[in-house]
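The lines below spell out each chain.
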Amino acid sequence: MTAIDSTRLKMMFDTIAATIEADKDRLCQLDGVIGDADHGIAMALGFNAARDAVAGLDLAASEPTALLNTAAKSFLNAVGASSGPLYATAFMRAAAAVKGKATLAEEDVIAMFTAMAQGIKDRGKAVPGEKTMVDAWQPAAEAAGAAHDAGKSLAESLAAALAAAERGAEATKEMIAAKGRSSRLGERSLGHIDPGAASAVTVIGAIRSSLG
């Protein structure tokens, strides 16, 4: 595969922003059942801000780390609560994982992806089974890493990540929320997909289509 540079990462943020924007209403509907019905709006605000901030960089002079840190800061500035710190941490961890690299090889992209998932898990202090976006992100990262270790291509590894994320998000229907606003509902949160896990699938799908 062609090594991934800052221009490709900019395209990734373009794709995520467009995909989240298209999915915004569905995400708000999911959130309306167990939250404040604003998750899609918050995610669109964050990724639109990240896209716009990255677009203002001199890509020829910006390594991936600088681009990812710019995205992190702009996302947090746009979305101060809930998903803002989670995705800001994800992109800061991704930036650290590829520090010093002008272009990213396949293993670097997998490391970046894994770092994003770990950042979300650490910042949210969540574990799988608590009905959060971690239920999509952690299995996705594990699947991507396992596929890469088995000699699969980046496209195959990201496809495995997306499939695992989809399964993880679907599984949140059978969980009682233990974190966030929806945890106040107790057993009433059963039967509904977690909106954060749903949006994670959307983000991971966009990463796959733009980098795979």
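Let me begin by describing the structure that accompanies this report. (Residues numbered from 1 in each chain as written. Predicted model: local features only at pLDDT ≥ 70, side-chain atom pairs only at ≥ 80, totals over all residues. Heavy atoms only, no water.)

## Topic: the overall build of the chain
Then step 1. When helices and strands are tallied, the chain shows 8 helices and 0 strands.
Then step 2. Tracing the chain from N to C terminus, the helices and strands come up as α-α-α-α-α-α-α-α.
Then step 3. In terms of overall size, the chain behaves like a compact globule, its C-alpha atoms giving a radius of gyration of 16 Å where 212 residues would be expected to give roughly 17 Å.
Then step 4. Pairs at least 24 apart in sequence give 71% of the contacts found in the chain among residues at least 6 apart.
Then step 5. Here the chain has roughly 8,800 Å² of accessible surface; of this, 53% comes from carbon and sulfur atoms.
Then step 6. For the chain, the separation between the mean place of its 21 positive charges and that of its 25 negative charges on side chains is 4 Å. (Helix = DSSP H or I, 4+ residues; strand = E, 2+ residues; numbered from the N terminus. Rg over C-alpha atoms; globule rule 2.2 N^0.38 Å. Contact = heavy atoms within 4.5 Å. Areas by Shrake-Rupley, 256 points an atom, 1.4 Å probe, with all protein chains shown as cover. Lys, Arg positive; Asp, Glu negative; His and termini not counted. Charge placed at Lys NZ, Arg CZ, Asp CG, Glu CD.)

## Topic: the packing of helix α1 (residues 6-34) against helix α2 (residues 39-55)
Then step 1. Closest axis-to-axis distance for the α1/α2 pair is 7 Å, and the angle between their directions is 170°. The pairing of α1 with α2 is recorded here as roughly antiparallel in orientation. Judged by the sense of rotation from one axis to the other, the crossing of α1 with α2 is left-handed. Taking contact as the criterion, the partners of Lys10, Phe13, Asp14, Ile16, Ala17, Ile20, Glu21, Lys24, Leu27, Cys28 and Asp31 in α1 are, on α2, His39, Gly40, Ile41, Met43, Ala44, Phe47, Asn48, Ala50, Arg51, Val54 and Ala55.
Then step 2. Looking at the contact of α1 with α2 residue by residue, the class counts come to 13 nonpolar, 3 polar and 6 charged. (Axes fitted to C-alpha atoms, helices over the stretch in contact; angles between N-to-C directions. Parallel < 35°, antiparallel > 145°, perpendicular 65-115°, else oblique. Left-handed = near helix turned anticlockwise from the far one by under 90°. Nonpolar A, V, L, I, M, F, W, Y, C, P; charged D, E, K, R; others polar.)

## Side note on the packing of helix α5 (residues 106-124) against helix α8 (residues 195-211)
Then step 1. In the contact formed by α5 and α8, the axes pass within 13 Å of each other and the chain directions differ by 170°. By the angle between their directions, the pair α5 and α8 is classed as roughly antiparallel. Contacts from Val109, Met112, Phe113 and Met116 in α5 reach Ile204, Ile207 and Leu211 in α8.
Then step 2. Split into classes, the residues belonging to the contact of α5 with α8 amount to 7 nonpolar, no polar and no charged.

## Let's talk about the pattern of salt bridges
Then step 1. Applying the stated criterion across every chain yields a total of 7 salt bridges.
Then step 2. Ionic pairing is found between Arg93 and Asp122, a salt bridge with its closest N-O pair at 2.9 Å. Residue Arg93 is located in helix α4 (residues 83-97), and its partner Asp122 is located in helix α5; the two are separated by 29 residues in the primary sequence.
Then step 3. Taking the relative accessible area as the measure of exposure, Arg93 reaches 34% and is therefore partly exposed.
Then step 4. Residue classification places Asp122 among the partly exposed residues on the basis of a relative accessible area of 33%.
Then step 5. Residue Lys101 is joined to Asp108 by a salt bridge in which the shortest nitrogen-to-oxygen separation is 3.5 Å.
Then step 6. Asp108 sits in the buried class, given a relative accessible area of 11%. (Salt bridge = Lys/Arg side-chain N within 4 Å of Asp/Glu carboxyl O. Buried < 20%, exposed > 50% of the residue type's maximum accessible area, 1.4 Å probe, protein only.)

## Considerations on helix α6 (residues 134-149)
Then step 1. With 16 residues, α6 ought to run about 22 Å at 1.5 Å a step, and its terminal C-alpha atoms sit 22 Å apart, in line with that.
Then step 2. Taken together, the buried positions of α6 are occupied by Val134, Asp135, Ala136, Trp137, Gln138, Ala140, Ala141, Ala143, Ala144, Gly145 and Ala147.
Then step 3. Residues of α6 that are buried in the fold lie against α4, α5, α7 (154-171) and α8.
Then step 4. Positive phi appears at Gly151, one or two residues downstream of α6, with a value of about 90°. (Expected span 1.5 Å × (residues − 1).)

## Observations regarding the packing of aromatic side chains
Then step 1. Counted by the stated rule, this structure contains 8 aromatic pairs.
Then step 2. Each ring, one from Tyr87 and one from Phe91, has its centre 6.4 Å from the other, and the planes form 40°; the classification is tilted. Note that Tyr87 and Phe91 are positioned in helix α4 at a spacing of 4 residues, about one turn of the helix.
Then step 3. A relative accessible area of 0% means that Tyr87 is categorised as buried.
Then step 4. The class for Phe91 is buried, based on a relative accessible area of 0%.
Then step 5. Here the aromatic cluster, defined as three or more aromatic residues joined through ring pairs, consists of Phe13, Phe47, Phe75, Tyr87, Phe91, Phe113 and Trp137. (Phe/Tyr/Trp six-rings, centres within 6.5 Å; stacked < 30°, edge-to-face > 60°.)

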